[in-house]
Amino acid sequence: MSSKVYPVSKSAKTRALIDSDKYQKWYEESIETPDKFWGKHGKRIDWFKPYTKVKNTSFKGRIPIKWFEDGLTNVSYNCIDRHLKTHGERVAIIWEGDNPYIDKKITYNELYDHVCRLANVLKKHGVKKGDRVTIYMPMIPEAAYAMLACARIGAIHSVVFGGFSPEALAGRIVDCESTFVITCDEGVRGGKPVPLKENTDIAIDIAAKNYVIVHNVLVVRRTGGKIGWAPGRDHWYHQEMASVKPDCPPVKMKAEDPLFILYTSGSTGKPKGVMHTTGGYLVYASMTHEYVFDYHDGEIYWCTADVGWVTGHSYIVYGPLANCATTLMFEGIPTFPDQGRFWEVIDKHKVNIFYTAPTAIRSLMGAGDEFVKRSERTSLRLLGSVGEPINPEAWEWYYHTVGEARCQIVDTWWQTETGGIMITPLPGATDLKPGSATRPFFGIKPELVDAEGKTLEGATDGNLCITDSWPGQARSVYGDHDRYIQTYFATYKGKYFTGDGCRRDEDGYYWITGRVDDVLNVSGHRLGTAEVESALVSHHLVSEAAVVGYPHDIKGQGIYCYVTLMADVEGTDQLRKELVAHVRTEIGPIATPDKIQFAAGLPKTRSGKIMRRILRKIAEDDFGALGDTSTLADPAVVDELIENRQNKK
Ligand code: PRX
């Protein structure tokens, strides 16, 4: 833990929407009288029918959570239509292509046209309110149009990250029984094509075997590459868009109607379809976007996430557009054509607010300062970080080298399930400590508990819970509300359990220490160890697998796999490569194992439970303190595992 403190700068304080007094006042009000507080702030979005009820929530029983329940609104209307009268010609989206010579700007008027047309295309093909539409797209504006078009007609979108494999895509299509897919011929990343349509075709075949038939695929032409075509099922986006009307009235949605499903990994089983609803989500996403980034009218804002993750949903599309911001969408990667790309884009588009992940910061820090120094970055005003704990060294580099000690840093802690930022500095209100996400946002009541669920006070380490609802909270797991209750509310009764460990210091600052469950965070991507294990054991030569994380300089965590092979199979380097390729096929490149150790046996208790604690220690090459191994069924396996460890320092 770094003991340094960076006070709010004078310039940040002068311009800030929220200073420390206002933060205190608003925070107290949000906690003491949430109905009054949110009743006021819920009005930041437009309602077709105003709500009269504000908060109706409980963390007990079936966990009923309703915000603004009798209000009617529409997310697409709020992100587009309401801005047109005064800001129709403002740029809504700046798109920066993978190729540094390609970019384009889309105004709010143009956004309206694209989204309405696409909504009409969906309607033409029979998509109705409540239907699930899968969006499997690269980072092109059409991905945002697709999300907003769904929202316009009340269809529920499920965006699947373009880096996921056909298997993973199929699983998500099947789980929410989605019969309409929007994709692209090929994506482009770092100069290389990504075969999205080909993957979609394979996924659709897998889904059909699981009795979910995709009837329509809408294909955006991005590269013009060669693709397969199923007549009747596949439709070209540009042709369809040309044949429909440019207006489409937004459907009046109840505040609690679902807006989207987003799949995320947990400690057990398959990824869960986290479900977010309409009114509360948009109020929370737009409010956090405005205050956390201290967003002022006319500023250029860039979040480098992919729309396939929640950060892309809340802070590339919904939050910024609801605030009539100019949001930059980047198709490429930070290292193409070279490691100076981020800084070049900042200069090119005069970016004021830049929001990225620690893994990118660490990797660019490793590339050397000359890439940064090549750029001016004079437009930059605020820097943000999200997705994993940021180590103080990376924080300091971000602050001093990228921001030249001029820009406040907001280290924002949140999750797919929280819909928006939960613990974060506010630029004009919060003194910064490198590595700390600092303080709760309005309405957020964090609590640290011990393993038994006892509330811990003062400066302490504990498991991070949230004790009352906030408008952006996920309402359910799609199709499985029991799993929602079980996953988030069963560990500590009456509390939402985040799965994260956390330290609170003597100033009441929160320091997230990482997951305390079997969830990995690899380069800011959330991955269940159980998912990687099940991918490994689906290989015909593997009998058993256990996966743990270990500290990795760039990725935050690396993936370490212990694999027991079938009898008489030899663990060769060739097989290692085959297993790595197999996991990539089953899940996608983000799940690429870093280390595979072949093991004759795994350490198990007498009742057959794998002792992950031991496996973690060996993977960390820190086996001096293995603790008690006497309860193992066969303590000798541990010596063998240590002997053959893959991370010898
Ligand atoms: O462990 C925390 C980590 O990312 C997890 C949530 O992952 P996901 O749902 O994919 O959402 C990522 C983007 C919001 C959390 O449980 N995490 C996220 N932000 C931070 C973080 N850990 C430390 N500091 C953060 N700022």
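From a predicted model like this one, the values you see are computed outputs, not experimental measurements. (Residues numbered from 1 in each chain as written. Predicted model: local features only at pLDDT ≥ 70, side-chain atom pairs only at ≥ 80, totals over all residues.)

Notes on the sheet that holds strand 21 (residues 446–449)
Condition: Strand pairing requires that DSSP identify at least two bridges connecting the strands. Starting at the N terminus, helices and strands are each numbered in turn, a helix being any DSSP run of H or I of at least four residues and a strand any DSSP run of E of at least two.
The strand order across the open sheet built from 5 strands is 22-21-23-25-26, with neighbouring strands paired in antiparallel fashion. In this open sheet, the two strands that pair with only one neighbour each are strand 22 (455–456) and strand 26 (510–515). Alignment of strand 21 against strand 22, held across 2 bridges, turns out to be antiparallel. Note that in strand 22 the partner of leucine 448 across the bridge is leucine 456.

Thoughts on the UniProt feature "modified residue: N6-acetyllysine" (unreviewed entry) in the protein
Quick note on the threshold: UniProt positions are given in the numbering used here, feature names are shortened, and annotations may be inferred rather than shown by experiment. Buried means a residue has 20 or more other C-beta atoms within 10 Å of its own C-beta, exposed means 12 or fewer, and partly exposed covers the counts in between; C-beta atoms are placed from the backbone.
According to UniProt, the "modified residue: N6-acetyllysine" (unreviewed entry) feature falls on Lys609. Position of lysine 609 relative to the elements: it lies in the loop between strand 31 (595–598) and helix 19 (612–619). For lysine 609, a count of 11 C-beta atoms within 10 Å translates into the label exposed.

Notes on the pairing of strand 14 (residues 258–264)
Put simply, side chains in a regular strand alternate between the two faces of the sheet. Counting buried positions over the 7 residues of strand 14 gives 6, a clear majority of the element. Sheet analysis places strand 7 (residues 156–159) next to strand 14, joined by 2 bridges and oriented parallel. Looking across to strand 14, one finds that serine 158 is bridged to isoleucine 261. In terms of strand pairing, strand 14 meets strand 15 (residues 272–277) through 6 bridges, oriented antiparallel. Directly across from isoleucine 261, in strand 15, lies its bridge partner methionine 275.

Describing the pairing of strand 15
Judged by how many residues are buried, strand 15 sits mostly within the fold: 6 of 6 residues are covered. Here strand 15 shows no split at all, with Lys272, Val274 and His276 on one side and Gly273, Met275 and Thr277 on the other all buried. Bridge analysis of strand 15 against strand 24 (residues 476–477) gives 2 bridges, and the strand direction is antiparallel. Paired with methionine 275 across the strands is serine 476, a residue of strand 24.

Examining the site of the ligand
Under the convention used in this document: Residue proximity rests on one test: whether the C-beta atom, placed from the backbone, lies within 6 Å of the molecule or strand.
As a structural note, the neighbourhood of the ligand is formed by 22 residues, with Trp413, Gln415, Thr416, Ile512 and Arg526 the closest of them. Elements with a contribution of two residues or more to the shell around the ligand: helix 11 (310–322), strand 20 (408–412), strand 25 (496–504) and strand 26.

So, the environment of threonine 277
This is how the line gets drawn: With C-beta atoms placed from the backbone, a contact is any residue pair whose C-beta atoms sit within 7 Å.
Structurally, threonine 277 is set in strand 15. For threonine 277, a count of 28 C-beta atoms within 10 Å corresponds to the buried category. The spatial distance from the C-alpha of threonine 277 to the C-alpha of isoleucine 423 is 21 Å, given a sequence separation of 146 residues. When residues no more than four places from it in sequence are discounted, the contact partners of threonine 277 are Ala255, Glu256, Asp257, Pro258, Leu259 and Arg475.

Let's talk about the sheet that holds strand 5 (residues 103–107)
Selection rule: Whenever a helix is involved, its axis is fitted only over the stretch in contact; in every case the axis is a line through C-alpha atoms, and angles between N-to-C directions fall within 0 to 180 degrees.
Taken in spatial order, the 7 strands of this open sheet run 5-4-17-16-18-19-20, and their pairing is mixed. Taken across any chain shown, the strands that pair with only one partner, and hence form the sheet edges, are strand 5 and strand 20. Neighbouring strand axes in the sheet, compared pairwise and without regard to direction, differ in orientation by 20° on average. Of the pairings in the sheet, the one linking strand 4 (residues 91–96) to strand 17 (residues 326–330) comprises 4 bridges and is parallel in character. Among the inter-strand pairings, tryptophan 95 is bridged to a residue of strand 17, identified as methionine 329.

Concerning the UniProt feature "binding site: ATP" (unreviewed entry) in the protein
Per the UniProt entry, the sites bearing "binding site: ATP" (unreviewed entry) are Gly387, Glu388, Pro389, Asp411, Thr412, Trp413, Trp414, Gln415, Thr416, Asp500, Arg515 and Arg526 in this numbering. Ignoring sequence-local partners within four residues, the contact set of arginine 515 consists of Gly499, Asp500 and Asn521. Beyond its immediate stretch of four places on either side in the chain, arginine 526 contacts Thr264, Ser265, Val519 and Asn521.

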